[in-house]
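# Summary of the model geometry
Now for the letters of each chain:
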Amino acid sequence: MTFDQILGHKRQKEILNRALANGRLAHAYLFAGPDGIGKRLMAMALARAIVCEEQRGCGNCLACRKIDHQNHPDLHILEPDGKAIKIEQIRAFQRELNLKPLEAPRKICMIEQADTMTVGAANALLKTLEEPRGDTLLVLLSSQPNRLLETIRSRCQPLPFNRHPKSRIQAELEKQLGIASEESHVLAALSEGSFKKAFGKDRDLYLEQRRDLLKTLTGLSSGSILPTLDFADQLAADKTVLPDILEIFQAFYRDVLMTLQGRGDEELVNLDLKEKIHRVSAREDVSTILAKLEALVEVRHQLDRNVNRQLAMEVLLLKLAA
Amino acid sequence: MAYLVLARKWRPQNFTDLIGQEHVSQTLANAIRSGRIHHAFLFTGARGVGKTSAARILAKALNCDEGLSDQPCGICSSCTEITAGQGLDVIEVDGASNTGVDDVRELRENIRYLPNRSRYKIFIIDEVHMLSTNAFNALLKTLEEPPEHAKFIFATTEPHKIPVTILSRCQRFDFRKIPLARVASRMREISDAEQLTISDRSLSLVARQGEGSMRDALSTLDQVIAFSGEQVDDEAVQTLLGMVDRRLLLDTVEAVLQRDSRRALDAVRRVDQLGLALRRFTQDLLEMFRGMVICKVVEDPAEMLDLVGEELKELKALAEEASLDDLQRIVTLLMKTQTELVNSSFPLLTLEMSLVRLATLAPTQDLAKLISHIESLEKRLGSTPLPKPQHPAQRPTPNPTPTPTARPAPAPAPAPTTPNPSPDPPPKKPEAPVATSTESKGWQGLVDQVKQSRPMLGSVLEHGRLLKLELPVIEVGYTKGSFMSSQLQEPDISQDLEVLTTEYFGQPVKLRVLAVDIEQQSAAPPSLVEEREAKETDRMRRLREDAMEHPALKSVQDIFKGEIKKVIPIDKGFV
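Not measured: the values here are computed from a predicted model.

## Some points on the overall build of chain B
- Counting secondary structure elements, chain B contains 25 helices and eight strands.
- Out of the 575 residues belonging to chain B, those deemed buried represent 46%.
- Long-range pairs, those at least 24 residues apart, make up 74% of the contacts in chain B with a sequence separation of at least 6.
- As displayed, chain B offers around 29600 Å² of accessible surface, 54% of which is attributable to carbon and sulfur atoms.

Right, here's the structure in full:
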């Protein structure tokens, strides 16, 4: 992957290209930005541009191909071992750094999910990060840069990455998956500007079942409790899709909130359910919607803490149907 | 040699370069000049303020070939070696990577040997807070009395993690954060030397990013240079730093203050379209509101906010519109939003929700105003004749029947065996001046209420003899010199009691404690406890009589030839 093949991030590309051209590449970068927007691709492209025999990351030469296959001897990739990057990994890597690069002009080290470094690991990295031996390039990738130690952050040149605009994701979804614009709109709106999220969504759930789910949800009333409990039962049954379903609910109520605030339709997520949204917004007001959204946020918290799913769903639905 | 980032390239090489830390450099320079050099130093302070640099400068000063001086020459072989990090006698240890006790033992092995060619053997341990406890302890003896040729310099950002035994053996220097102006002026020097064109405004923006850390500021400057080359224009700096356009922020703030949720959502949409980080936006928004709070409470906020001219004026104008309470509420809510954004699965929604909430917040009423309002209402009510505060829930006698004899209502209920319960009030002193003036508000009621909130105080009162109850004066008698009377005379207790009585009677009451002589006791009215006891014995007598008369008991006596030893009433609570 060369820089050109990466979608968006024009400014970041420019910065890196210019630094490459002027020989002003810093020894440590921190690529910060949400998950799945291309930080790693960018780091790989940078690595290729450095090792490439033709100095441009051609993708054809041996060095570039080695980078692509991740078996270049001078490219070190540190990833979380289990949940965290541990101090042993850092130490092993530091031993590597004592050696001269084998093929490339400089050694390149990528630390993925750098925020998962343990405190010990992060501290052990400090001196290396400040003044690495020889000619080393360190690239830290992180979606949660605030979780890194201040001392780590201060030693890197920050390179923030922005989310992709919805339109770009939508266009890409349509191009690559060949789905209709209404559907791609839903996926793109829920992707938070991350390609990974947009493509990773369970399309059947988000596109097909969504309507049914929302239909049942809006059909609930506080008068008859049995359908509510049945629905809770149904929701609680599958642990894996539950977060996604809650996200769909959240998106729906957000749409209602937006409509209540008199926002235009183009901001809605569920473009295809306009009538339903308008119908619901007619019988709600801002405070009740906010209460419902709050309930949804709360239940997600609770699910993270392993509460009884069925109970949580029942409580949630009673609140939503109220 | 590859490109060096500015922070490394411009690492201070002597004490004069070390800006913002004059208190450290001067102390060290004086120590060197006077030859009173401690053997162990601890440098602490935030990141990027010059700890490691100071350690290296100190090492150079101590080992300079030109002689011990506070101005290391920087050209002798010793100085250049230290700068390059190759000094034989200056050993820089990464404390975070060599944390174990074995590493320290190795160091102790080393320390015995004389320096190769310099005056001192200097051990710089950076990030020393990561050493293990054992490692620290292994250092203790060496650190206390190292050989004459050894010097230790420790540097850390987290001094609280260092054992006190280590701290007490070191001379500690706390490095301060560097003031914005100093950072900016140093960056001006550097950028001139690097032949950069950059405006003062941009420089101060970049410097502010550092938050008092030189390295952070220089990293950011590097970033700016990487983006825009040697000619830096202001706009590029703004976009690069991911700064939310000030206009957009002001718009949002205005929308929130004017409770225009529609406009606030508009702002979120623009942020979203620009692809800006929502957390950053929230952060900036929070900072704006913080600035407004400061504008409200501080006379001259310019220094505290690091803002000048236009920006400050705008902020002040906005602050005029809002009340302090509102602003504080907004700040609190935004802080909550900020933490929520971290774990939110739908951050856009989180932000939208919180902005809608902010914009629909009901304006707060100033608490002081509310209170004064209530007070004026009270006064107005007070002038009309219904001043009796009601304590229906606490009143033990639900229907205030003015019994001149003040028969306490919760008197022990009649025993089950008693056919006609307590026909007559127990004999008591008729002259007891009981609760005639305040009708329902009798002495008994007061004691009951005091008992509810302060049981001990209540029981003290129970033992008192009510001598006089003519509001606003109550006189209570106690046996002369008794414990109870001395208790009641203690200032804080009597104060408490005053409050309680005032509350009960709804008017200020003067409670006087009088001493009663033992001889007079028979003349004085009985205390509540005595009354109760009298009643109790009375009741017992009647119970016994009733029990004796009972036919079942009689037949038992007849059949078994029994004898009645004791009559025990079934617990009166249940009869």
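Now, onward.
## A closer look at a negative patch on the surface
Residues and elements named next belong to chain A.
- A cluster of acidic residues, D202, D204, E208 and D212, forms a negative patch at the surface.
- Summarising the element assignment, E208 is placed in helix α10 (residues 203–219).
- The class for E208 is partly exposed, based on a relative accessible area of 46%.

## Focus on helix α4 (residues 77–84) of chain B
All names here are of chain B.
- Of all the residues in α4, the buried ones are S78, C79 and I82. The buried residues of α4 occupy an angular sector of 100° when projected down its axis, which confines them to one face.
- Taken together, the buried residues of α4 touch α3 (51–63) and β2 (90–94).

## Points about the environment of G229(B)
- In this structure, G229(B) sits in the loop between α10 (214–228) and α11 (234–240).
- Using a relative accessible area of 11% as the deciding quantity, one classes G229(B) as buried.
- Through-space distance from the C-alpha of G229(B) to that of L196(B) is 8.3 Å; in sequence the pair is 33 residues apart.
- Non-local contacts of G229(B), meaning those with residues more than four positions away in its chain, are made with R18(A), L196(B) and V224(B).

## Regarding the sheet that holds β2(B)
All names here are of chain B.
- Taken together, the five strands give an open sheet; going across it, the order is β2-β3-β4-β1-β5, and neighbouring strands pair in parallel fashion. Every other strand in the sheet has two partners, leaving β2 and β5 (171–174) as the edge strands with one partner each. Ignoring strand direction, the axes of neighbouring strands in this sheet form an average angle of 15°.
- Summarising the sheet, strand β1 (residues 40–44) and β5 pair through four bridges and their orientation is parallel. If you follow T44 over to β5, its bridge partner there is D174.

## A short note on the nonpolar core
- Among the nonpolar cores identified, the biggest contains 93 residues, and F249(A), M313(A) and F289(B) are the most heavily contacted of them.
- Ranked by the residues each element gives to this core, the list is headed by helix α12 (residues 242–260) of chain A, at eleven residues.
- Those residues in contact with F289(B) that sit more than four places away from it in its chain are V253(B), V256(B), L257(B), L327(B), I330(B), V331(B) and L334(B).
- In terms of nonpolar packing, the next biggest core, distinct from the first, is built from 88 residues, L25(A), L18(B), I82(B) and V206(B) among them.

## Considerations on the packing of aromatic side chains
- Scanning all chains against the criterion turns up ten aromatic pairs over all chains.
- Seen from their ring centres, F152(B) and F154(B) are 5.9 Å apart, and the 45° between their planes marks the pair as tilted. The residues F152(B) and F154(B) share a single accessibility class, namely buried.
- A network of ring pairs unites the aromatic residues F41(B), F43(B), F173(B) and F175(B) as a single cluster.
- In this arrangement the basic side chain of R11(A) is found over the ring face of F227(B), its NZ or CZ atom lying 5.8 Å from the centre.

## Some points on empty space enclosed by the protein
- All chains considered together, the criterion is met by eight cavities of 30 Å³ or more.
- Each pocket or cavity is described by its volume, and for the largest cavity that value is around 450 Å³.
- In this structure, the largest cavity is lined by 38 residues; those nearest its centre are E130(A), A7(B), R11(B), G48(B) and R215(B).
- Counting residues per element, the ones that place at least two in the lining of the largest cavity are α6 (150–155) of chain A together with α1 (6–9), α3, β4 (150–156), α8 (180–193) and α10 of chain B.
- Broken down by element, the residue count for the lining of the largest cavity peaks at five residues, all from α10(B).
- Residue classes in the lining of the largest cavity are distributed as 15 nonpolar, eleven polar and twelve charged.

Parameters and conventions
Residue numbers run consecutively from 1 along every chain, following the written order of its sequence. The lettering of chains begins at A and the numbering of ligands begins at 1, in the order of writing. Selection of residues for local features in this predicted model requires a pLDDT of at least 70, selection of side-chain atom pairs for listing and counting requires 80 or more, and totals for whole chains, interfaces and linings are taken over all residues. Side-chain metrics rest on all non-hydrogen atoms present in the structure, leaving aside hydrogens and water. A helix here means a DSSP run of H or I that spans at least four residues, while a strand means a run of E at least two residues long, and both kinds are numbered starting from the N terminus. With a 1.4 Å probe rolled over the protein chains alone, any residue whose accessible area is under 20% of its type maximum counts as buried; one over 50% counts as exposed, and the rest are partly exposed. Residues count as neighbours in contact if any of their non-hydrogen atoms are within 4.5 Å of one another. Shrake-Rupley sampling with a 1.4 Å probe provides the accessible areas, and residues are treated as covered by the protein chains on show and by no other component. Two distance rules govern patches: like charges are joined within 9 Å, and nonpolar side chains (Val, Leu, Ile, Met, Phe, Trp, Tyr) within 5 Å, applied only to residues with over 30% relative accessible area and no salt bridge. Criterion for a salt bridge: a side-chain nitrogen of Lys or Arg within 4 Å of a carboxyl oxygen of Asp or Glu. The sign given to each residue is positive for Lys and Arg and negative for Asp and Glu; His and the chain ends receive no count. Every charge is mapped to an atom, namely NZ of Lys, CZ of Arg, CG of Asp or CD of Glu. Read the arc as the range of directions from the helix axis to the C-beta atoms. Two strands qualify as a pair provided DSSP detects at least 2 bridges between them. Axis definition: a line fitted to C-alpha atoms, over the contacting stretch in the case of helices. Angles run 0 to 180 degrees between N-to-C directions. Side-chain atoms within 4.5 Å link the members of a nonpolar core, which is a set of buried Ala, Val, Leu, Ile, Met, Phe, Trp, Tyr and Cys residues. Classification of ring pairs rests on two measures: the distance between centres of Phe, Tyr or Trp rings, Trp counted by its six-membered ring, which must be within 6.5 Å, and the angle between planes, read as stacked under 30 degrees, edge-to-face over 60 and tilted in between. Distance and angle both matter: a charge sits over a ring if NZ of Lys or CZ of Arg is within 6 Å of the ring centre and within 35 degrees of the ring normal. Within this scheme a cavity is a closed region of a 1 Å grid, computed over the protein atoms alone, that accommodates a 1.4 Å probe without allowing it to escape, whereas a pocket is open but has protein on both sides within 12 Å along at least five of seven lines; lining residues each have an atom within 4 Å of a point. Grid points are joined across faces, edges and corners, and a volume is the space filled by probe spheres set on the points. Just so you know the grouping, Ala, Val, Leu, Ile, Met, Phe, Trp, Tyr, Cys and Pro go in nonpolar, Asp, Glu, Lys and Arg go in charged, and all remaining residues, Gly too, go in polar.

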